[in-house]
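# Coordinate analysis (summary)
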Amino acid sequence: MTDAVLVDDLGFSHPDAILPALERVSLSIPTGEAVALLGPSGAGKTTLLTLLDGRLRGWRGRVSVLDAPFDPDRAPPLARRSDTGFIFQEFALVERSTVLRNVLNGRLGRMPPLRALLGRPSGRDLDIAQAALADCGIADLADRRADSVSGGQRQRVAIARCLAQEPQLILADEPVSNLDPTRAAEVLDLLTGAARARSATVIFSSHQPELACRFADRIIGMRYGRIVFDTPTRDLTEDATTELYRDADVLTGAKLQVVR
Ligand SMILES: Nc1ncnc2c1ncn2[C@@H]1O[C@H](COP(=O)(O)OP(=O)(O)O)[C@@H](O)[C@H]1O
Ligand SMILES: [Mg+2]
């Protein structure tokens, strides 16, 4: 099995930051795995996901995503960008567009440039977008404006947009932190299930250990920019989780109990 992500001795400091956001980070993630990045606020989760999405410059070490080595000084080629989908914590929808239009935006990187420029999807683009809406259980919302649907539905729109892109790697930054516990579990179930059905790799960050453990094959614990554990979910101990959030539970309000 090939690796979707290979990271070796990665380091990164945000401009003007005193401490590095990532330090000596090494990991390999095989194709098809569902991985949760766990850790308190400031641990480096967003920075790592942003870097894997090809949006950070000036890092140190070696990074390879979907068999393409990254250059620390240059954005990855456009042709490769479509293979990675990113789901933002705040959904990042075009509020005044319909749900279907938002999902079709996921196709832009797959369209010939002129078609993308004119915003004219092909029949195939439409079929794929509609299938993604159906997979996310929101086919009936296609013609609604994005700003008229609920929070849980908005995150489903963001996932449908990502699936319409047909990515091999899905990166999701705290995709459920704005949702109530029931909706959060439904959305993570949807996200990891859709990734599995497509043999896509998924990496999501969370500061909710109990949820992460329900839906990830593997848990990577981060603290102060470093990996403090990297373990199959079934081997994760409550001690490791508690230690990860030591002194941080007041800040994040994180629940420490690991539920299986
Ligand atoms: N744009 C930025 N400029 C300077 N420092 C940043 C920036 N973004 C994040 N940081 C710092 O980098 C560290 C890691 O942050 P982040 O990756 O957002 O962690 P997490 O997502 O785990 O909360 C923190 O110390 C944070 O303050
Ligand atoms: Mg973050």
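Along each chain, the written sequence defines residue order, and numbers are assigned to residues from 1. Lettering for chains starts from A, numbering for ligands starts from 1, and both go in the order in which the items are written. Owing to the predicted nature of the model, reporting of local features is limited to residues with pLDDT of at least 70; listing and counting of side-chain atom pairs is limited to 80 or more, with chain, interface and lining totals taken over all residues.

## Quick word on the site of ligand 1
Where we set the bar: In this analysis a residue is considered near a molecule or strand if the C-beta atom, reconstructed from its backbone, is found within 6 Å of that molecule or strand. The classification used treats Ala, Val, Leu, Ile, Met, Phe, Trp, Tyr, Cys and Pro as nonpolar, Asp, Glu, Lys and Arg as charged, and all other residues, Gly among them, as polar.
Around ligand 1, the surrounding shell consists of His-14, Asp-16, Ala-17, Ala-21, Gly-39, Ser-41, Gly-42, Ala-43, Gly-44, Lys-45, Thr-46 and Thr-47. When grouped by side-chain class, the residues that make up the shell around ligand 1 number three nonpolar, seven polar and two charged.

## Some remarks on the pairing of strand β1 (residues 3–12)
Selection criterion: We call two strands paired when DSSP finds no fewer than two bridges between them. Helix and strand definitions here come from DSSP, where helices need a minimum of 4 consecutive H or I residues and strands a minimum of 2 consecutive E residues; each element is numbered from the N-terminal end.
Direction of pairing for β1 relative to strand β2 (residues 22–30): antiparallel, over a ladder of six bridges. Within β2, the residue paired with Leu-6 across the bridge is Ser-28. Both β1 and strand β4 (residues 60–65) contribute to a ladder of five bridges, which runs antiparallel. Within β4, the residue paired with Leu-6 across the bridge is Ser-64.

## Focus: the nonpolar core
Stated formally: In this description, a nonpolar core means buried residues of the types Ala, Val, Leu, Ile, Met, Phe, Trp, Tyr and Cys, linked to one another by C-beta atoms lying within 7 Å. Neighbour density around each residue's C-beta defines its exposure: 20 or more other C-beta atoms within 10 Å make it buried, 12 or fewer make it exposed, and counts between make it partly exposed, where C-beta atoms are placed from the backbone. Throughout, the edges of the domains are those of an automatic or database domain assignment. The contact rule is simple: place each C-beta atom from the backbone, and if two of them lie within 7 Å, those residues are in contact.
Counting residues in hydrophobic clusters, the biggest one holds 73 residues, and the most contacted among them are Val-103, Ala-132, Ile-159, Ala-160, Ile-170, Leu-191 and Val-202. The element that contributes the greatest number of residues to this core is helix α6 (residues 151–164), accounting for seven residues. Looking at this core, you find at least three residues from each of domain 1 (1–83 + 167–260) and domain 2 (87–166). Residues in contact with Leu-191, not counting those within four places in the same chain, are Ile-159, Ala-172, Pro-175, Val-202 and Phe-204.

## Considering the pairing of strand β10 (residues 226–232)
In this structure, strand β9 (residues 218–223) lies alongside β10, joined through six bridges in antiparallel fashion. Note on β10: the bridge partner recorded for Ile-220 is Asp-230. Counted between consecutive antiparallel strands, the loop separating β9 from β10 contains two residues, among which Tyr-224 sits at a positive phi close to 50°.

## A few points about the domain arrangement of the protein
For the protein, the assigned domains are domain 1 (1–83 + 167–260) and domain 2 (87–166). Relative to domain 2, the C-alpha centre of domain 1 lies at a distance of 24 Å. Each partner contributes residues to the interface: domain 1 has 16 residues there, and domain 2 has 16 residues. Listing elements by their share of the side of domain 1 that touches domain 2, those giving two or more residues are β7 (169–172) and α7 (181–197). Here the side of domain 1 that touches domain 2 gets five residues from one element, more than from any other, and that element is α7. When grouped by side-chain class, the residues that make up the side of domain 1 that touches domain 2 number nine nonpolar, three polar and four charged.

## Some thoughts on the sheet that holds β2
With antiparallel pairing, four strands are arranged side by side in an open sheet as β2-β1-β4-β5. In this open sheet, the two strands that pair with only one neighbour each are β2 and β5 (68–69).

## What about the sheet that holds β7?
Let me state the cut-off plainly: Fitted lines through C-alpha atoms serve as axes, helices being fitted only where they are in contact, and the angles separating the N-to-C directions of these axes extend from 0 to 180 degrees.
Read from one edge of the open sheet, six strands run β6-β7-β8-β3-β9-β10, paired in mixed fashion. Looking at the sheet topology across the chains shown, the edges are occupied by β6 (84–87) and β10. Neighbour-to-neighbour, the strand axes of the sheet open up by a mean angle of 15°, direction not taken into account. Alignment of strand β3 (residues 34–38) against β9, held across four bridges, turns out to be parallel. Pairing of Leu-38 across the sheet is with Gly-221, part of β9. The sheet strands contacting α7 are β3, β7 and β8 (201–206), and the helix crosses β8 at an angle near 160°.

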